[in-house]
Amino acid sequence: MVNEKMRGLGAHRSVIRELFEYGKKRKAEIGAENVFDFSLGNPSVPAPDGVNKALSRLLEERDAVSLHGYTSAQGDAGVRRAIADYIAKTQGVEMNADLIYLTVGAAASLTISLSAVLNEGDEVILLAPFFPEYRVFAERTGAKVVPVLCDPKSFQPDLAAVEAAITERTRAIIVNSPNNPTGAVMTPESARGLADLLAKKEKEYGNAIWLIADEPYRELVYGDATVPYLPALYDNTLVCYSFSKSLSLPGERIGYIAVSPKAEEASAVYAAICGAGRALGFVCAPALFQYMIPEVLGMTADISVYDTNRRLLYNALTEYGYEAVYPDGAFYLFVKALEPDANAFCERAKGEELLLVPSDSFGCPGYVRISYCVTTEQIERSLPAFKRLAESYQKA
Ligand code: PLP
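Residues numbered from 1 in each chain as written. Predicted model: local features only at pLDDT ≥ 70, side-chain atom pairs only at ≥ 80, totals over all residues. Heavy atoms only, no water.

Participant: Go over the pattern of salt bridges, please, and point to the residues and values.
Facilitator: This structure, assessed with the given rule, holds 20 salt bridges. Here Asp307 ties to Arg311 by a salt bridge, and the two come within 3.3 Å at their closest N and O atoms. Pair noted here: Asp307 and Arg311 are both in helix 12 (residues 304-320), with a separation of four residues, about one helical turn. By relative accessible area, which is 16% here, Asp307 ends up buried. Through salt bridges that share partners, Glu163, Lys200, Lys201 and Glu204 make up one connected network. (Salt bridge = Lys/Arg side-chain N within 4 Å of Asp/Glu carboxyl O. Helix = DSSP H or I, 4+ residues; strand = E, 2+ residues; numbered from the N terminus. Buried < 20%, exposed > 50% of the residue type's maximum accessible area, 1.4 Å probe, protein only.)

Written as structure tokens, this is what we have:
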């Protein structure tokens, strides 16, 4: 009667959403201040002032009919040009406005890109741990997901394992740096190594292997970490960008895909992206937010709160005996569960009103993800609960 695959996806929420819903129920029962909800990656700092100013200006100054009207399916030409110019200026990489496609956020950028390059039976490599929706987006195309674990000491890609996983059917690999759920930022050495490996394998098998760079956290980096720009290192790159996290605008749904002008048959790939956008109904991203982009490129929400939370949480948890790799970016801490089954550990954490996401659906069992995009006060108040949880294992 209905598409069973889609019914299954709709009937079973993701573990993250499930936990978020549990949190809402629990907060209604015992009060929001008594629940330590670390489930969602929903930015907790406001958008920069410049965003509201740009939106107000647009609403005041632009003709309302054209402001709210359809743009070209792939996005307004002037906006695409502004993005291409900004990338050229900040990354020193030539981009072409006619190879940029505006989308409703990174999720749409990814589904469109995967639909554009994958065919039934192709393989797509996911570096684990990975954002669980990648599996949903990739498998929808009929492609097979091939998870490859990162090095657990650094969460950098394990290049030998990636090499072993590439076959003649490999058509794409998704890279997410800064990473959800580990917070790891790919080092320049890892990026160079991966680019060289993919180029070698493309030559060996005689076909393109698309590097899909999922970059919603690009601007969320701390200390002196920098995020390598992959189109500078590897020709067959598709950048899937979103303003959701950098500008704290996840509900407004705005982002883009940029095809590297150096990509093999770049205009054919772009045509496939336009076709996938059309087939999926992702045409003409929200016009008001498109027009905002040229005015806000280069702005970032104030991420100093995330940085404070990162240090506070990492220092306290490692002092209590938890193990984690210190994150350089995004707003997640990936912590080893205190028992082999992360689900059982998360259930026990609920006894302390700590809502942590078990890592199984990230393709890397035995860990929990803590989203620290919350108030610093929530982190401070949750620390005794984390301490009691660790002690309960030490006593056992
Ligand atoms: N990719 C990763 C790694 C994410 O963490 C998220 C959202 O949390 C997305 C993509 C989707 O982002 P958007 O809200 O821009 O669709």
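Here the narrative resumes, following the displayed structure.
Participant: Before we move on, can you summarise the packing of helix 12 against helix 14 (residues 376-395) with the specific residues and values?
Facilitator: Describing two packed helices takes the angle between their axes plus the distance from one axis to the other. Across the interface, helix 12 lies against helix 14 with an axial gap of 10 Å and an inter-helix angle of 20°. The angle between the axes of helix 12 and helix 14 places the two elements in the roughly parallel class. Our pair here, helix 12 against helix 14, has a crossing hand that is right-handed. Taking contact as the criterion, the partners of Val305, Thr308, Asn309, Leu312, Leu313, Ala316, Leu317 and Tyr320 in helix 12 are, on helix 14, Thr376, Ile379, Glu380, Leu383, Phe386, Lys387, Ala390 and Gln394. (Axes fitted to C-alpha atoms, helices over the stretch in contact; angles between N-to-C directions. Parallel < 35°, antiparallel > 145°, perpendicular 65-115°, else oblique. Left-handed = near helix turned anticlockwise from the far one by under 90°. Contact = heavy atoms within 4.5 Å.)

Participant: Residues and numbers for the sheet that holds strand 7 (residues 237-242), please.
Facilitator: With mixed pairing, the seven strands of this open sheet are ordered in space as 2-8-7-6-5-3-4. Whereas interior strands pair on both sides, the edge strands pair on one side only; in this sheet they are strand 2 (100-103) and strand 4 (144-149). Recorded for the sheet is a direction-independent mean angle of 20° between the axes of neighbouring strands. The strands that helix 6 (residues 105-117) touches are strand 2, strand 3 (123-128), strand 5 (170-176), strand 6 (210-214), strand 7 and strand 8 (255-259); relative to strand 7, the one it contacts most, it runs at about 160°. Against the sheet, helix 10 (residues 266-280) engages strand 2, strand 6, strand 7 and strand 8, with an angle of about 20° to strand 2. (Pairing = 2+ DSSP bridges.)

Participant: Can you explain the site of the ligand? Please cite residues and give values.
Facilitator: Close to the ligand lie 14 residues, the nearest being Asn180, Asp214, Tyr217, Ser242 and Arg253. A distance of 2.9 Å separates an oxygen atom of the ligand from a polar atom in the backbone of Ala107. At 2.8 Å, a side-chain N or O of Asn180 approaches an oxygen atom of the ligand. Across the shell around the ligand, the residue classes break down as six nonpolar, five polar and three charged. (Near = heavy atom within 4 Å. Polar contact = N/O pair within 3.5 Å; in protein donor to acceptor, adjacent residues only side chain to side chain. Nonpolar A, V, L, I, M, F, W, Y, C, P; charged D, E, K, R; others polar.)

Participant: Lay out the domain arrangement of the protein chain with the relevant residues and their values.
Facilitator: When cut into domains, the protein chain gives domain 1 (4-47 + 302-395) and domain 2 (50-296). Listed as interface residues are 31 residues of domain 1 and, on the opposing side, 33 residues of domain 2. Of the roughly 2500 Å² buried between domain 1 and domain 2 on both sides combined, carbon and sulfur atoms contribute 66%. When the buried area of domain 1 at its contact with domain 2 is split by residue, Val325, Asp328 and Phe362 rank highest and sum to 21% of it. Where domain 1 touches domain 2, the interface holds zero salt bridges. At the junction of domain 1 with domain 2, the criterion picks out 11 residue pairs in polar contact (both at pLDDT 80 or more). Per-class residue counts for the side of domain 1 that touches domain 2 are 20 nonpolar, six polar and five charged. (Domains from an automatic or database assignment. Buried area = accessible area lost by both parts, 1.4 Å probe.)

Participant: So what's going on with the pairing of strand 8? Residues and values would help.
Facilitator: Within a regular strand, the side chains alternate between the two sheet faces. Summarising burial for strand 8: five of the five residues are buried, a large majority. By the alternation rule, side chains of strand 8 split into Gly255, Ile257 and Val259 and Tyr256 and Ala258, which are all buried. Bridge count for strand 2 against strand 8 is four bridges, and the pairing is antiparallel. By the bridge assignment for strand 8, Thr103 is matched with Gly255. Sheet topology places strand 7 next to strand 8; five bridges connect them, and they run antiparallel. Residue Ser242 lies in a different strand from strand 8, and its bridge partner there is Gly255.

Participant: Tell me what's going on with the sheet that holds strand 11 (residues 357-358), and back it up with residues and numbers.
Facilitator: The three strands lie next to each other as 9-12-11, forming an open sheet whose pairing is antiparallel. Strands at the two margins of the open sheet, each flanked by one partner only, are strand 9 (332-336) and strand 11. Examined bridge by bridge, strand 9 and strand 12 (residues 367-371) share five bridges and lie antiparallel to one another. The residue bridging Val335 from the neighbouring strand is Val368, located in strand 12.

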